[in-house]
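Listed here are the chains, written in short residue letters.
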Amino acid sequence: MPKMTLNAYRCQNGHLTYPEHELCPECGEAQDETVDLAEEIGEVVTWTTSTATPPGVRQPNTLAIVEFSADGESVRAIGQVVEGEEVEIGDEVRPVYAEELRDPDAGIREKESQEWDGYRFEPA
Amino acid sequence: MDRVAIIGASMTQFGKREAWVRGLLAQAGRECLADADVAPDDVEHLYVSNMASGEFEGQTGVPNALAHDLGALPAYTQRVDQTSASGGAGIYAAWQSVASGASEMTLLVGGEKMTHRSTAEATDVIASLTHPVEYKHGVTLPSFAGLTARRYLHEYDAPRESLAKVAVKNHKNGLDNPHAQFRKEVDLETVMDSPIVADPLRLYDFCPITDGSAALLFCPESVAEDHVPEDEYTVVAGIGGATDTHVVHERDDPTVMGGAVESSEQAYEMADRSPDDVDVAELHDMFTILEFLQSEAVGFFEQGEGWKAVEEGVTDRDGDLPINTSGGLKSKGHPLGASGIAQAYELHQQLLGNAGPRQVEAEVGLACNVGGFGNCVTTTILEDA
């Protein structure tokens, strides 16, 4: 299996975003550098547990927005929390790779139009 | 400049309806033309606000269908989709059509048919507006509300009960709205004990899934009195629209609704008004937390203080600044494409003194219509003529 990444994207002016954009939303420059957050520790900004989930999504579904910092620039990501784990605002978490976050055949979005693997978070 | 007048308004019963999208739109369109006594073939532009008739029902091309069903041929037609803010975006399009001189009679009809779908399916249709990195994690609009509400309560030391009080207030207002889906009072305990939907938010923090339609009729103010008496029309004094990030977690401060800040500044400037001038407001309370965020973003209250206004009764119907006298999306229901237009319908009735038991004293009204989780927002300021 190739090495998995949780890439944030940086432009020449140092603005960092996750996910990638066609042009940097801050300054309009190209995003020509990646920063892998997969091995980094982040901090929970907020979280929720959703009990009414769409077709193909685990129920309940605990989600967190997590803030990472890379070379003095901060960047956030959203993701599921690993099943059975609980988090609070301010907790430190690490990304954990998952091959399939929801059933790509069950929802309205065309399966081939996007990726379905990614990173969940667990307490560090 | 000749201002743009609203000479007719209508809304259908909101709730679970037997009619499909064409029937709902046709009902509101017909009743709106009748309200102003304008013939269908006088309509020059026809705009239809609708998010997802294709996805919900397999019926696309609804503007053309409506023009034919109403006898409004050969009017120019266009569908306006801005997700939950399709109604507000339709007001913007209708205003542009008249203000630019392209049309002297513009009918705007918004509607959505949703209740034939399960909650899970309807939630997925709406969640399809999210970015792939959000969608793959099963992120829904209600989950954005839970994430943001937790951050808001944490940052501003607001009690959980303050959110529940928005639901209590808006349900109380909806009791007097014959078009509302829910005409039922709820008490604080009921809201606080209802099942968790997106922690810390509970069932009564969310609007229902709804069928319904609403419509407005626009013309230049200079000819408004050719159609209706002077005291029977309102004017679009200001309007603005703006977008915020598609990816919600990329916002600097998740408790600031940037699109509402920007669009309201534009609307105030056009109307030469400030937040202090507003007498009554309809805010997009798809979730209770959104009423706080918008009441701060449009400048009624300082950031982090919106919850206090609800606690102190400022936004009650008999308060200094009544918010959601219609019952809001919370009790009235939220047929996506209709909601922004139904907000303006309420303001129109309030400004004309036609709001019956919901009537408050008002000369200036503001409506804020939100798509996505603040991804795209329109703000409209209506005044009596």
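Just so it is clear, the structure is predicted and the values come from calculations on it, not from any experiment.

S.K.: Tell me about the sheet that holds strand 1 (residues 7–11) of chain A, residues and numbers included.
M.R.: Across a sheet, paired strands are connected by hydrogen bonds in the backbone, their directions being either parallel or antiparallel. All names here are of chain A. Spatial strand order, 2-1-3: three strands in an open sheet with antiparallel pairing. Unpaired on one side and paired on the other, strand 2 (16–17) and strand 3 (31–36) mark the two borders of the sheet. When strand 1 meets strand 3, the two strands line up antiparallel, connected through five bridges. By the bridge assignment for strand 3, C11 is matched with Q31.

S.K.: Residue-level account of helix 3 (residues 62–70) of chain B, with values.
M.R.: Residue and element names in this part refer to chain B. When helix 3 is considered as a whole, its buried residues turn out to be V62, P63, L66, A67 and L70. The buried side chains of helix 3 occupy one side of the element, clustering within an arc of 140 degrees when seen end-on. Summarising the contacts, the buried residues of helix 3 are in contact with helix 1 (21–36), strand 2 (45–49), helix 2 (53–57), strand 3 (76–80) and strand 4 (106–112). G71 occupies a position one or two residues after helix 3 and carries a positive phi of about 75 degrees.

S.K.: So what's going on with the pairing of strand 11 (residues 376–384) of chain B? Residues and values would help.
M.R.: Residues and elements named next belong to chain B. When you tally the buried positions in strand 11, you get nine out of nine residues, the bulk of the element. The pairing of strand 8 (residues 234–243) with strand 11 spans nine bridges and is antiparallel. From the neighbouring strand, V236 faces strand 11, where its bridge partner is L382. Hairpin connection between strand 10 (residues 364–371) and strand 11: a loop of four residues separates the two successive antiparallel strands, and G372 in this loop has a positive phi of roughly 60 degrees.

S.K.: Outline the packing of helix 4 (residues 86–99) of chain B against helix 15 (residues 336–352) of chain B, supporting the account with residue identities and numerical values.
M.R.: Residue and element names in this part refer to chain B. The interhelical angle for the contact between helix 4 and helix 15, taken along N-to-C directions, is 60 degrees, at an axis separation of 5 Å. In terms of orientation, helix 4 and helix 15 fall into the oblique class. Taken together, the residues of helix 15 that come into contact with helix 4 (itself represented by S86, G87, G88, G90 and I91) are L336, G337, A338, S339, G340, I341 and A344. Across the contact of helix 4 with helix 15, the residue classes tally to five nonpolar, seven polar and no charged.

S.K.: Residue-level account of helix 11 (residues 258–271) of chain B, with values.
M.R.: Residue and element names in this part refer to chain B. For helix 11, spanning 14 residues, the distance from its first C-alpha to its last is 20 Å, which sits close to the expected 20 Å at 1.5 Å a residue. The complete set of buried residues in helix 11 reads G259, A260, V261, S263, S264, A267, Y268 and A271. Packed against the buried residues of helix 11 are strand 8, helix 12 (288–297), strand 10 and strand 11. Backbone geometry just after helix 11 places D272 at a positive phi near 55 degrees.

S.K.: Break down the interface of chain A and chain B for me, with residues and values.
M.R.: With 33 residues of chain A at the interface, the matching set in chain B holds 34 residues. Listing elements by their share of the side of chain A that touches chain B, those giving two or more residues are strand 4 (42–50), strand 5 (61–70) and strand 6 (73–80) of chain A. At six residues, strand 4 of chain A tops the list of elements feeding residues into the side of chain A that touches chain B. Along the lines of polarity and charge, the residues of the side of chain A that touches chain B split into 15 nonpolar, 13 polar and five charged.

Cut-offs used in this document
- Residues numbered from 1 in each chain as written.
- Chains lettered and ligands numbered in written order.
- Predicted model: local features only at pLDDT ≥ 70, side-chain atom pairs only at ≥ 80, totals over all residues.
- Pairing = 2+ DSSP bridges.
- Helix = DSSP H or I, 4+ residues; strand = E, 2+ residues; numbered from the N terminus.
- Buried ≥ 20, exposed ≤ 12 C-beta atoms within 10 Å, placed from the backbone.
- Arc of directions from axis to C-beta.
- Contact = placed C-beta atoms within 7 Å.
- Axes fitted to C-alpha atoms, helices over the stretch in contact; angles between N-to-C directions.
- Parallel < 35°, antiparallel > 145°, perpendicular 65-115°, else oblique.
- Nonpolar A, V, L, I, M, F, W, Y, C, P; charged D, E, K, R; others polar.
- Expected span 1.5 Å × (residues − 1).

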